[in-house]
Structure formats: structure tokens, C-alpha cells
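Letter by letter, the chains look like this.
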Amino acid sequence: MKLTTFLAAAFICIALAAIVYAAVSSFIQIHNVGNVNVFGVECDTSQIDWGTLYRGDTVNYTIQLKASEASTLSFYVTGWSPASAADFLSLNWSYMGETLEANVWTSVTFTLSISQDVIDITAFSFDVTIQSHSR
């Protein structure tokens, strides 16, 4: 009887350890930063600290932009470090192509999404370049 109780207790401990390991290993803390470069437009920040992220996270960061003349905007991302981060992260923004009024601050929200499949990335950085196009 004692052996049976011991084996049952050992089995429960092993099962709990496996569950805890699976839960902990599915969370990878990712520390990061993004630099913001602008051309032809002012921005209220030069760096975005996305905070600590985990697999499957989506996080928003709102910036303020101001153009000196009526214009539209575009953005692109470069300098992914590590380069493989570009395979697991995606960056979008709320700007829909409308013409910005001259000298008026406009809010634009960036949305960073982390894939559930991210591997081997515990920190990353990238550069966001925002460019204005005169109308």
C-alpha cells in the first residue's frame, strides 16, 4: 500500500512539474526599443520603449506628428536587430493616408504584434522612419 501511495505521489509531482515547465517555457520576455527618425515632419519622440513583451502580445504606442505644410505620410522599418526579429514581429500604424493640415499636431498609433511562434529572441531593436510627402 505504501509503495502505491508513493508511486501515485511521485506521478503527481512529475505531472505538476511538466505543467509548470510548459507554462513557464511558453513565456519569453522580450526587451526592446525602437528609434524614430523623421523627414519633413516633427515628432514628439525619438524613441519608443515598447515595454516587456511576450509571445502573442500586441501593444500600441501613440505619437504626435506635425508637418510644416499640407502633406501625407509614409513609414518603413529598417535595422532589425537581430535580423530574424522581422520574421516574428510586425508593425502597423493607424494613419490612413489622409492629408495632414500644416502646423497641426496629429496623433498616430503604432501597433506592434509579436508572433506566438517567436523563438530565440529575448531583445530586439529597429528603426522606424516617417517621411512626409508634400501635397
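Predicted model, so just to flag it, every value in this text is computed and none were measured. (Residues numbered from 1 in each chain as written. Predicted model: local features only at pLDDT ≥ 70, side-chain atom pairs only at ≥ 80, totals over all residues. Heavy atoms only, no water.)

Draft legend 1. A look at the pairing of strand S4 (residues 58-67). Two elements, strand S2 (residues 41-43) and S4, share three bridges in a ladder whose sense is antiparallel. Each bridged residue has a counterpart across the sheet, and for Val41 the counterpart in S4 is Ala67. (Pairing = 2+ DSSP bridges. Helix = DSSP H or I, 4+ residues; strand = E, 2+ residues; numbered from the N terminus.)

Draft legend 2. Representation of the sheet that holds strand S6 (residues 89-93) within the structure. Strand order in the open sheet formed by four strands is S2-S4-S7-S6, and the pairing between neighbours is antiparallel. Each of the sheet's edge strands pairs with one partner strand only, and the pair in question is S2 and S6. Going from strand to strand, the sheet's axes swing by 30° on average, the running direction of each strand aside. The pairing of S6 with strand S7 (residues 106-114) spans five bridges and is antiparallel. Each bridged residue has a counterpart across the sheet, and for Leu89 the counterpart in S7 is Ile114. (Axes fitted to C-alpha atoms, helices over the stretch in contact; angles between N-to-C directions.)

Draft legend 3. Examining the environment of Asn37 more closely. For Asn37, the position within the fold is in strand S1 (residues 31-39). Between the C-alpha atom of Asn37 and that of Gln47, which follows or precedes it by 10 residues, the distance is 8.6 Å. Residue contacts for Asn37: discarding those within four places in its chain leaves Asp127, Val128, Thr129 and Ile130. (Contact = heavy atoms within 4.5 Å.)

Draft legend 4. Representation of the side chain of Thr106 in the model. In this fold, Thr106 is placed in strand S7. Discounting chain neighbours no more than four positions away, the residues touching Thr106 are Ile63, Gln64, Leu65 and Leu100.

Draft legend 5. Looking closely at the nonpolar core. Ranked by internal contacts, the top residues of the largest apolar core, which has 27 residues, are Phe110, Leu112 and Ile130. Elements with a minimum of two residues in this core: S2, S4, S6, S7 and strand S8 (123-134). Filtering out sequence-adjacent residues up to four positions away, Phe110 remains in contact with Ile48, Trp50, Val59, Asn60, Tyr61, Ile63, Phe75, Leu91, Asn92, Trp93, Val128 and Ile130. (Core = buried A, V, L, I, M, F, W, Y, C linked by side-chain atoms within 4.5 Å. Buried < 20%, exposed > 50% of the residue type's maximum accessible area, 1.4 Å probe, protein only.)

Draft legend 6. The arrangement of the packing of aromatic side chains in detail. Under the definition given, this model contains seven aromatic pairs. Residues Trp50 and Tyr61 carry aromatic rings whose centres are separated by 6.0 Å and whose planes lie at 65° to one another, so their mutual orientation is edge-to-face. Of this pair, Trp50 sits in the loop between strand S3 (47-48) and S4 while Tyr61 sits in strand S4, and the two are 11 residues apart along the sequence. The partly exposed category is assigned to Tyr61, whose relative accessible area is 27%. Here Trp80 and Phe126 contribute two aromatic rings whose centre-to-centre distance is 4.7 Å and whose plane-to-plane angle is 45°, an arrangement assigned as tilted. Taken as a pair, Trp80 in strand S5 (residues 71-81) and Phe126 in strand S8 lie far apart in primary sequence, 46 residues in all. Phe126 gets classed as buried once you look at its relative accessible area, which sits at 1%. One aromatic cluster in this structure is built from Phe75, Trp93, Tyr95 and Phe110. (Phe/Tyr/Trp six-rings, centres within 6.5 Å; stacked < 30°, edge-to-face > 60°.)

Draft legend 7. Representation of the environment of Thr109 in the model. Note on placement: Thr109 falls in strand S7. A C-alpha to C-alpha distance of 10.0 Å links Thr109 and Val59, two positions 50 residues apart in sequence. Setting aside its immediate chain neighbours within four residues, Thr109 contacts Asn60, Tyr61, Thr62, Asn92, Trp93 and Ser94.

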